[in-house]
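Chain by chain, the residues:
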Amino acid sequence: INQGVMVQEQKNTAIMQPSENGPCVGGSTAGSSARGYNIGRHLKIAMQKDTFDDGLNRKGTPSAQGQAAKARIRNTNYKDVTCNPDDNDGNNNCGASTGAPALYNADTKASKTIYGSLTIPLHDPANGAKYETAVKALLDNMTGDPTPNPMTQDVLKSSEGQEEWMDRRSHLARMAAVRSVPNLGIAWRSPGTQLAKYVKELREAAGVPTPEISDNPSYKEVVHAVAVDRFNSGKYAQNTMTNPADIEMEKLTIDSFYLMQLRDYNELLERMALALSVQVAMMVDQLQLPVPKASKPVGP
């Protein structure tokens, strides 16, 4: 009996022994990946609130005084953050505190500002606030500034004012739906997982230059390191050639990461469907409703 127990324990040890290549990597990043995902979720809510504050001329916000005041603030931010002094043949009207060269024209380059890196350096002590300003300016440039001019109470009491106010709310709902697509990409790339140690090891082993690795990686960078860079390291295939138990465990880990990516893909498709519904709604608004005609009585 003792010999049988020992044999079974030996088999269990071989089967249940954790693998540094798969489960250990997943276990090390799982909890903090959830932290990064939750930070991104709250960031999406905050960005939508900013859109509604602008569109409703919320008291105490930059748009409270209307379009002219908001345009002045946008122009100041452009001069101080994203203005490139070399544009316009060197005659560009930039401010005295122009941002870092990495931020030049960041308010127009979506591929660079949002999608060019796996983590937007919003946590950078020197330029984090400027990156935030550039991202907000980019959203306004892509989808339009939602700021209208405020309405007085007398105007709001009139039937025309009430109709205009309801039309503004309809416009804001559609703008929020359209902005939800870039907002999702920004949220996934916001820093906060605090997994720099593990992510750096995986990405450096894959040959990624150190300057491209964040010291506080985003949810997107963590998933990319685990699901992409890990397989490009050259050590991955070598570490899997151990025993059948490790290989089976690695299959399970890969399936888990694949499901995570499918979940993210489904979330993106939901927002794309929402944006398409806005397009359909605008097409419907352009259709003229049929006017019923008076029918003549049938008979003599």
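Residues numbered from 1 in each chain as written. Predicted model: local features only at pLDDT ≥ 70, side-chain atom pairs only at ≥ 80, totals over all residues. Heavy atoms only, no water.

1. A look at helix α7 (residues 159-188)
Move 1: Compared with an ideal rise of 1.5 Å per residue, which puts 30 residues at 44 Å, α7 spans 43 Å between its outermost C-alpha atoms and is within 8% of the ideal.
Move 2: At S180, α7 shows its largest kink, close to 40°, and the proline P182 lies no more than four residues downstream. (Helix = DSSP H or I, 4+ residues; strand = E, 2+ residues; numbered from the N terminus. Expected span 1.5 Å × (residues − 1). Bend = angle between axes of the 7 residues up to and from the residue.)

2. Looking at the packing of helix α5 (residues 128-143) against α7
For any two helices packed against each other, the geometry is given by the interaxial angle and the distance between the axes.
Move 1: The N-to-C vectors of α5 and α7 enclose an angle of 140°; their axes lie 11 Å apart at closest approach. The angle between the axes of α5 and α7 places the two elements in the oblique class. For the crossing formed where α5 meets α7, the hand is right-handed. Facing V135, L139, D140, M142 and T143 of α5, the residues of α7 in contact are M175, V178, R179, P182, N183 and I186.
Move 2: When grouped by side-chain class, the residues that make up the contact of α5 with α7 number 7 nonpolar, 2 polar and 2 charged. (Axes fitted to C-alpha atoms, helices over the stretch in contact; angles between N-to-C directions. Parallel < 35°, antiparallel > 145°, perpendicular 65-115°, else oblique. Left-handed = near helix turned anticlockwise from the far one by under 90°. Contact = heavy atoms within 4.5 Å. Nonpolar A, V, L, I, M, F, W, Y, C, P; charged D, E, K, R; others polar.)

3. A word on the nonpolar core
Move 1: Counting residues in hydrophobic clusters, the biggest one holds 12 residues: M47, V81, L103, A106, I114, I120, Y131, A134, V135, L138, L139 and I186.
Move 2: Here this core gets 5 residues from one element, more than from any other, and that element is α5.
Move 3: The residues contacting V81, other than those within four sequence positions of it, are G99, L103, K130 and T133.
Move 4: The next biggest cluster of nonpolar side chains, apart from the first, holds 7 residues, and it includes L195, V199, V222 and V226. (Core = buried A, V, L, I, M, F, W, Y, C linked by side-chain atoms within 4.5 Å. Buried < 20%, exposed > 50% of the residue type's maximum accessible area, 1.4 Å probe, protein only.)

4. With respect to the pattern of salt bridges
Move 1: Within the structure shown, the criterion is met by 17 salt bridges.
Move 2: Residue K49 pairs with D53 through a salt bridge whose shortest N-O separation is 2.9 Å. Residue K49 and its partner D53 are both found in helix α2 (residues 23-55); the two are separated by 4 residues, about one turn of the helix.
Move 3: A salt bridge links D229 to R203; its shortest N-O distance comes to 2.6 Å. Pair noted here: D229 is in the loop between α9 (219-227) and α10 (236-240) and R203 is in helix α8 (residues 196-205), with a separation of 26 residues, a long-range link. (Salt bridge = Lys/Arg side-chain N within 4 Å of Asp/Glu carboxyl O.)

5. What to know about helix α3 (residues 67-82)
Residues separated by three or four positions in an α-helix point in the same direction, a consequence of the helix having 3.6 residues per turn.
Move 1: For α3, with 16 residues, the first-to-last C-alpha span of 21 Å sits near the 22 Å given by 1.5 Å per residue.
Move 2: Considered for burial, the residues of α3 that qualify are A69, K70, V81 and T82. Down the axis of α3, the buried side of the element spans an arc of 140°, and every buried residue falls inside it. Residues of α3 that are exposed and angled more than 90 degrees away from the buried face: A68 and R72. (Arc of directions from axis to C-beta.)

6. Some remarks on the packing of aromatic side chains
Move 1: With the rule as written, the count across this model stands at 1 aromatic pair.
Move 2: Residues Y37 and Y219 carry aromatic rings whose centres are separated by 5.4 Å and whose planes lie at 70° to one another, so their mutual orientation is edge-to-face. Here the residue Y37 occupies a position in helix α2, and Y219 occupies one in helix α9, the gap between them amounting to 182 residues.
Move 3: A relative accessible area of 2% places Y219 in the buried class. (Phe/Tyr/Trp six-rings, centres within 6.5 Å; stacked < 30°, edge-to-face > 60°.)

7. Digging into the side chain of D140
Move 1: Of note, D140 is situated in helix α5.
Move 2: Those residues within four positions of D140 in sequence are excluded, and the remaining contacts are K70, R74, D145, P146 and R179.

8. Quick look at the state of the cysteines
Move 1: Within the structure shown, the criterion is met by 1 disulfide.
Move 2: Covalent S-S linkage joins C83 and C94, the inter-sulfur distance amounting to 1.9 Å. Its S-S torsion of approximately -70° makes the covalent link between C83 and C94 left-handed. With C83 in the loop between α3 and α4 (110-113) and C94 in the loop between α3 and α4, this residue pair connects regions lying 11 residues apart in the sequence. A single burial state applies to C83 and to C94, both of which are buried. (Disulfide = S-S within 2.5 Å.)

9. Digging into the side chain of S190
Move 1: With respect to the helices and strands, S190 occurs in the loop between α7 and α8.
Move 2: The exposure class of S190 is buried, given its relative accessible area of 4%.
Move 3: Side-chain polar atoms of S190 contact the backbone oxygen of A187, separated by 2.8 Å.
Move 4: Setting aside chain neighbours within four positions, we find S190 in contact with I39, G40, L43, L122, S218 and Y219. (Polar contact = N/O pair within 3.5 Å; in protein donor to acceptor, adjacent residues only side chain to side chain.)

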